[in-house]
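Reading the structure
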Amino acid sequence: MAVTETVRFTGAAVKAFGGSIRANSRGIRARRLARNGAAITAYDPLDPSTAAHPHDAYRQLHEGSRVQYNPKRAVWILSRLDDVRRALRDASADGPARVRVRAPILVSTDGEKHAKLRRQAMPAFTKAALESWRLTIDQLAAETVRDVLENPGCDVVQRLAVPVPVRLIAQLLGIPDTDVADFRRWSEAATQLTGVALTAEGARKFTQMLRGSWAMHQYFRRQFALGGLKGSGTICGRLLAENEAGSLSDSELFQFAMLLLLAGNETTTNLLGGLFATLADHPEQFEMVRSDTGLIPMAIEEGLRYLSPAQNVHRTAARDYQVGDVTIPAGERVLLSIGAANRDPRVFDQPDEFRVNRNPTQHIAFGFGVHLCIGAQLTRMEAQAVLREFVTQASGISAVGDTRWSTNSLLRGPTCLRVRLTPA
Ligand code: HEM
C-alpha cells in the first residue's frame with residue numbers, strides 16, 4: 001500500500017526499501033539524496049491495488065514533502081499541481097511511459113523535431129475539421145446510449161466506453177464501414193502495449209500487439225496506394241494532402257495513425273466509463289446536470305479533473321532540476337502525477353468531492369505545455385455528446401454489482417461496470 005515517509009534519504013533507509021538498487025551505486029545515490037533533502041516514499045505507482053485506487057496515496061503525498069523519491073522504482077515523484085505543470089513545461093520528454101522511448105514520434109521528441117511533427121499533425125485537428133465530425137459524434141453517442149438503455153444490467157464499458165472511441169477514430173481515419181470490425185480487432189490487439197508484462201500472458205499480448213500492428217500497417221499501405229483517402233475530410237485525407245508537399249512519408253503517416261489509436265482510445269474509454277461510474281455514485285450530481293444541461297461542459301471538465309484518465313506521465317531531468325530545496329540530478333526519471341495534481345488541496349477546494357458546477361479550469365488532465373494533448377477538443381466533443389444523450393434519454397442510473405478498476409499505473413478507468421438506466 002502507499003505509505004509516505006518524510007524520512008531523510010540515508011543508507012539505512014535505502015537498505016530498508018531499496019533491495020533492487022546495486023550496492024556500489026547505493027552509497028553514492030544515498031549521500032547525494034541526503035544532501036538534496038529528498039523525502040523517500042513507499043508509494044509505488046506500479047502496485048496494482050494502489051493503481052486501481054490511488055487516492056489515499058495521493059492524500060499522503062500531498063501531506064508530505066514537495067519532492068519524494070521511491071528507491072524501489074528509482075523514480076522521483078512530483079504531486080503538487082504547480083510543480084507538475086512546471087515540470088511538464090521544462091523537462092525532456094522521452095515518452096510519457098516509465099520506460100524511455102527513443103522513437104522519433106510526437107510524444108518522445110523535444111524542440112524543433114517535436115514542433116515539426118506537431119505542425120504536420122495539426123491540419124487534422126483544426127476547428128473546422130472538428131466541426132465536420134460533430135454529426136458523426138452525435139449519432140454515435142445517441143446510438144450507444146440507446147443501446148445501454150435497452151440492455152439493463154449490461155457492462156457499459158464493453159457496450160459504450162470501448163466502442164465509441166474506436167468507432168470514431170476509425171471513421172476519422174477514413175476506414176470504410178465494411179472494414180471497421182477488422183480495424184477494431186487489430187486496434188484492440190495493437191494497443192495492448194500498456195498491459196504488456198514480463199509474463200507468459202505478457203508475451204502473448206506482445207505477440208498479439210505485433211500481429212495487430214502488422215495487419216494495420218499492411219491495411220494502411222493498401223489504402224494509401226489505392227489513393228481513395230486523398231481529398232477526403234478524414235484525418236488521413238488531410239495528412240495525405242500535406243504529403244503532396246512531400247513533408248510526410250507513408251511510414252510517418254502510419255506511425256501517426258498508430259499514435260492516435262494508442263493515445264486516443266484507452267484514455268477516452270477511461271473517461272467515458274469513469275463518468276458513468278461517478279454519476280452512478282453521485283445521483284444528486286446527475287440530477288443537477290439533468291435539470292440544467294448548460295452544465296454539461298463544466299461537468300465534463302470536472303470529470304476530467306476527478307478521474308484523470310491519464311494518471312501519470314514521466315519525464316527525464318535534462319539537467320539538474322531544482323524543485324524548492326531539492327535538486328533532482330540530471331538524467332533522472334521523474335514521475336509527474338497528474339492524478340495527484342488534479343486533487344491538490346492547495347488548488348481545489350475539497351478535491352475528493354465530485355461537483356459538476358466546480359469549473360476546475362486549472363486541471364491538467366490533458367497535460368500542459370508543448371505536449372498538451374492534441375485530441376483534447378475532440379475528447380471534449382465526444383464526452384459532452386455522450387453526457388447530453390445520457391441525461392436526455394435517462395432519468396437515473398444505478399450500478400449493478402461492484403465496479404472493477406484497471407490496475408494500470410498510467411491509465412486508469414473502470415474495466416467492468418454493469419448499469420441499469422431508467423428511461424426518461
Ligand atoms: C480522455 C481522453 C484523453 C486524455 C486524458 C489524454 C491525455 C493526454 C496527456 C496527459 C498528454 C500529454 C502527454 C505528455 O505530456 O507526455 C496527451 C498527449 C497526446 N494525446 Fe491525448 N488524451 C486523451 C485523448 C486523446 C485523443 C482522443 C487523441 C487523438 C485522437 C489524443 C492524442 C494525443 C497525442 C497525439 C498526444 C501527444 C502530443 C504531443 O506530444 O505533442 N489524445 N494526451
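Because the structure is a prediction, the values reported are computed rather than measured.

Rules of the game
Residues numbered from 1 in each chain as written. Predicted model: local features only at pLDDT ≥ 70, side-chain atom pairs only at ≥ 80, totals over all residues. Heavy atoms only, no water. Helix = DSSP H or I, 4+ residues; strand = E, 2+ residues; numbered from the N terminus. Contact = heavy atoms within 4.5 Å. Near = heavy atom within 4 Å. Polar contact = N/O pair within 3.5 Å; in protein donor to acceptor, adjacent residues only side chain to side chain. Nonpolar A, V, L, I, M, F, W, Y, C, P; charged D, E, K, R; others polar. Donors = N, O, S within 2.8 Å, 3.2 Å for Na, K, Ca; no water. Axes fitted to C-alpha atoms, helices over the stretch in contact; angles between N-to-C directions. Parallel < 35°, antiparallel > 145°, perpendicular 65-115°, else oblique. Pairing = 2+ DSSP bridges. Phe/Tyr/Trp six-rings, centres within 6.5 Å; stacked < 30°, edge-to-face > 60°. Buried < 20%, exposed > 50% of the residue type's maximum accessible area, 1.4 Å probe, protein only. Lys NZ or Arg CZ within 6 Å of the ring centre and 35° of its normal. pLDDT = per-residue confidence, 0-100.

1. Some remarks on the side chain of Arg380
Along the polypeptide, Arg380 turns up in helix 18 (residues 376-393). Excluding anything up to four places from it in sequence, Arg380 contacts Glu301, His363 and Phe366.

2. Quick look at the site of the ligand
By nearness alone, 27 residues border the ligand, and His114, Arg118, Arg315, His371 and Cys373 come closest of all. For the ligand, an oxygen atom lies 2.7 Å from a polar atom in the side chain of Arg118. Between the ligand and His371 there is a distance of 2.6 Å, counted from an oxygen atom to a side-chain nitrogen or oxygen. Contributions of two or more residues to the shell around the ligand are made by helix 6 (111-121), helix 14 (250-281), strand 6 (312-316) and helix 18. Class assignment for the residues of the shell around the ligand results in 17 nonpolar, eight polar and two charged.

3. A look at the coordination of the iron atom of the ligand
Its sole protein donor being Cys373 (SG), the iron atom of the ligand sits 2.3 Å from that atom. Its place among the elements puts Cys373 in the loop between helix 17 (338-341) and helix 18.

4. Considering the packing of helix 14 against helix 16 (residues 296-307)
Running from amino to carboxyl end, helix 14 crosses helix 16 at an angle of 95°, the nearest separation of the two axes being 10 Å. On the basis of their axis angle, the class for helix 14 and helix 16 is roughly perpendicular. Counting all contacts with helix 14, which are made through Leu271, Gly274, Leu275 and Thr278, the residues of helix 16 involved are Ile300, Gly303, Leu304, Tyr306 and Leu307.

5. What to know about the sheet that holds strand 13 (residues 418-423)
Strand order in the open sheet formed by three strands is 5-13-10, with antiparallel pairing between adjacent strands. Each of the sheet's edge strands pairs with one partner strand only, and the pair in question is strand 5 (154-155) and strand 10 (394-399). Pairing between strand 5 and strand 13: two bridges, direction antiparallel. The residue bridging Asp155 from the neighbouring strand is Arg418, located in strand 13.

6. What to know about the packing of aromatic side chains
Counted under the stated rule, the structure contains five aromatic pairs. On the basis of an interplanar angle of 65° and a centroid distance of 4.9 Å, the ring pair of Tyr69 and Trp76 is categorised as edge-to-face. Judged on exposure class, the residue Tyr69 and its partner Trp76 are both buried. Ring centres of Phe276 and Phe390 lie 4.5 Å apart, and the angle between their planes is 25°; this geometry places the pair in the stacked category. Note that Phe276 is positioned in helix 14 and Phe390 in helix 18, a separation of 114 residues in sequence. Directly above the ring of Phe348 sits Arg305, whose terminal nitrogen or CZ lies 5.2 Å from the centroid. It is Arg343 that lies over the ring of Tyr306; its NZ or CZ is 4.2 Å from the centre.

7. Topic: the confidence of the model for the protein chain
Low pLDDT means the predicted coordinates in that region are not meant to be read closely. Across the protein chain, the average pLDDT comes to 82, with 78% of residues at 70 or higher. Ignoring residues within four places in sequence, the model shows residues 1-24, a span with pLDDT below 50, making 57 contacts including any to other chains.

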